[in-house]
Amino acid sequence: MFASLIAVLAAPALGEPLRIATYNTQLGRDGPGLLLRDLLRGDAQAKQVAAIVAHIAPDVLVLQDVDYDGDGLALAALSQMIAEAGHALPYAFARLPNAGIATGLDMDGNGRTGEPRDAQGYGRFAGAGGIAVLSALPIDRGGVTDFSALLWADLPGAIPPTKDGAPFPDAKAFAIQRLSSVAHWDIPLQTRDGTVFHAFTWHGTPPVFDGPEDRNGRRNHDETALWLRYLDGALSTPPPDRPFVIVGSANLDPVDGDGRPESLRALLGDPRLQDPQPRSAGGVRAAAQEGGQNATHQGDPAFDTANWPDETPRDPGNMRVSYILPSTDWRVLDSGVFWPAPNDPLHAMLGAGDSTASRHRLVWVDVALAP
């Protein structure tokens, strides 16, 4: 007993514990300024999102599907709503996403231009469905590495779409096609004891809604593969020599559904990373109760992070699509998916039908720097 106590006291102390979270909020709206309008009106869905965030109380929160405006007004309003729900995240970062940036070209090969799929990333307007970071920790905004302008053709080992041996939809369109459908960022943050770590974040395109050329499936694959190339030092910018965490939405399950899971599986199994496999009781109950496509899935429903339709063979069912993968510099302390089971008092926070806050679930991981 005394020997064990001495060993504990003599062991190097872990760094401060941090909670990192990611959440696809589905707060994107159909036009510019509408999200800000709704937030200022006290939008019910946004309040549900804010309540969930405040309950989990992350130190660093990556959000998907939050419309961007140049003055950051919508993000500031959302941050204020979260603070009013009980959790302050005073630091913020967002940039104009590729989603909605007009190209003037027919990017999806359907013979028309000016449609949402003809933008650099799917979007009805510039700034649609962007990524944002809210944090209790200082963000080094000037130190952000932004890969969002990287051309798809410039990613080493890319698998872009072709048609009859030529670039799809044509050489002119592919010559300007960026890889990121939304964004890829490496964001430095500083812990309370002064340690700098990096958050790598992205939101992959859905690997569906295309044709036999599999444009979206291939793009989704390569959006995840970018992080592997970055860690390998294969991009023009070298990776940081500091602790990091990959956090965001791959929009892909490693086992179930459509898509090309090879790069995601490689990321999950990379020896430089850890997969805490956050889980929930609600995901298990939902898969069993909803049945349908869920009954055909091979993955463990405890890991699911999205509650999608499951009634027809075309429906995807529930899947794991959001990820937090700390580097091996960290000790993983705990993790979870906020998906309370129906008999849990917290279940009501998800809203009617389990999904009025969002079809996606907030995912969180607690980490501390290993000595």
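Residues numbered from 1 in each chain as written. Predicted model: local features only at pLDDT ≥ 70, side-chain atom pairs only at ≥ 80, totals over all residues. Heavy atoms only, no water.

(A) Broad picture of the packing of aromatic side chains. Per the counting criterion, the structure on display carries ten aromatic pairs. Relative to Tyr230, the ring of Phe147 lies with its centre 4.8 Å away and its plane at 70°, an arrangement referred to as edge-to-face. Of this pair, Phe147 sits in the loop between β5 (145-146) and β6 (162-163) while Tyr230 sits in helix α6 (residues 215-231), and the two are 83 residues apart along the sequence. Neither Phe147 nor Tyr230 differs from the other in exposure class; each is buried. (Phe/Tyr/Trp six-rings, centres within 6.5 Å; stacked < 30°, edge-to-face > 60°. Helix = DSSP H or I, 4+ residues; strand = E, 2+ residues; numbered from the N terminus. Buried < 20%, exposed > 50% of the residue type's maximum accessible area, 1.4 Å probe, protein only.)

(B) Spotlight on the nonpolar core. Counting 58 residues, the largest nonpolar core has Tyr23, Leu61, Phe197 and Leu362 as the members making the most contacts within it. Not counting chain neighbours up to four residues away, the residues in contact with Phe197 comprise Leu18, Ile20, Val60, Leu137, Ile187, Pro188, Leu189, Thr191, Pro243, Val245 and Trp330. Core analysis: the next-biggest nonpolar cluster, separate from the first, contains 23 residues, Phe147, Phe174, Leu226 and Tyr230 among them. (Core = buried A, V, L, I, M, F, W, Y, C linked by side-chain atoms within 4.5 Å. Contact = heavy atoms within 4.5 Å.)

(C) Quick look at unusual backbone geometry. Here the residue pair Phe168 and Pro169 is connected by a cis peptide bond, since its omega of -5° sits within 30 degrees of zero. By the element assignment, Pro169 lies in the loop between β7 (166-167) and α5 (171-176). At Phe209, a residue that is not glycine, the phi angle is positive and equals roughly 65°. Position of Phe209 relative to the elements: it lies in the loop between β9 (196-202) and α6.

(D) Main features of α6. Here α6 is 17 residues long and its end C-alpha atoms lie 25 Å apart, about the 24 Å a rise of 1.5 Å per residue gives. Extensive coverage of α6 is indicated by the burial of 16 of its 17 residues. The first or second residue beyond α6 is Gly233, which carries a positive phi of 75°. (Expected span 1.5 Å × (residues − 1).)

(E) View of the pairing of strand β8 (residues 184-190). Most of β8 is tucked away, with six of its seven residues classed as buried. Bridge count for β5 against β8 is two bridges, and the pairing is antiparallel. Along β8, the bridge assignment pairs Asp146 with Trp185. As defined by bridge partners, β8 adjoins β9 across seven bridges and the pair is classed as antiparallel. Following the sheet pairing, His184 is matched in β9 by Trp202. Between the end of β8 and the start of β9, which pair antiparallel, lie five residues, with Gly194 showing a positive phi angle near 95°. (Pairing = 2+ DSSP bridges.)

(F) Here's a closer look at the side chain of Arg361. Locating Arg361 in the fold gives a position in the loop between β12 (330-337) and β13 (363-369). At 2.9 Å, the side chain of Arg361 and the backbone oxygen of Ser358 are in polar contact. For Arg361, the residues in contact, after removing those within four places along its chain, are Thr22, Tyr23, Thr305, Asn307, Val337, Phe338, Trp339, Leu350, Asp354 and Ser355. (Polar contact = N/O pair within 3.5 Å; in protein donor to acceptor, adjacent residues only side chain to side chain.)

(G) Just the pattern of salt bridges, in detail. With the rule as written, the count across this model stands at 13 salt bridges. For Arg124, the salt bridge goes to Asp30, with nearest N and O atoms at 3.4 Å. Of this pair, Arg124 sits in the loop between β3 (91-93) and β4 (130-135) while Asp30 is found in the loop between β1 (18-24) and α2 (34-40), placing the two residues 94 residues apart along the sequence. For Arg124, a relative accessible area of 52% translates into the label exposed. Judged by relative accessible area, which is 58%, Asp30 ranks as exposed. The salt bridge partner of Arg192 is Asp59, with a shortest N-O separation of 2.8 Å. With a gap of 133 residues between them, Arg192 in the loop between β8 and β9 and Asp59 in the loop between α3 (44-56) and β2 (60-66) connect regions that are remote in the sequence. Judged by its relative accessible area of 53%, Arg192 is exposed. When its relative accessible area of 13% is taken as the criterion, Asp59 is described as buried. Each member of the salt-bridge network shares a partner with another, and the members are Arg29, Arg37, Asp38 and Asp43. (Salt bridge = Lys/Arg side-chain N within 4 Å of Asp/Glu carboxyl O.)

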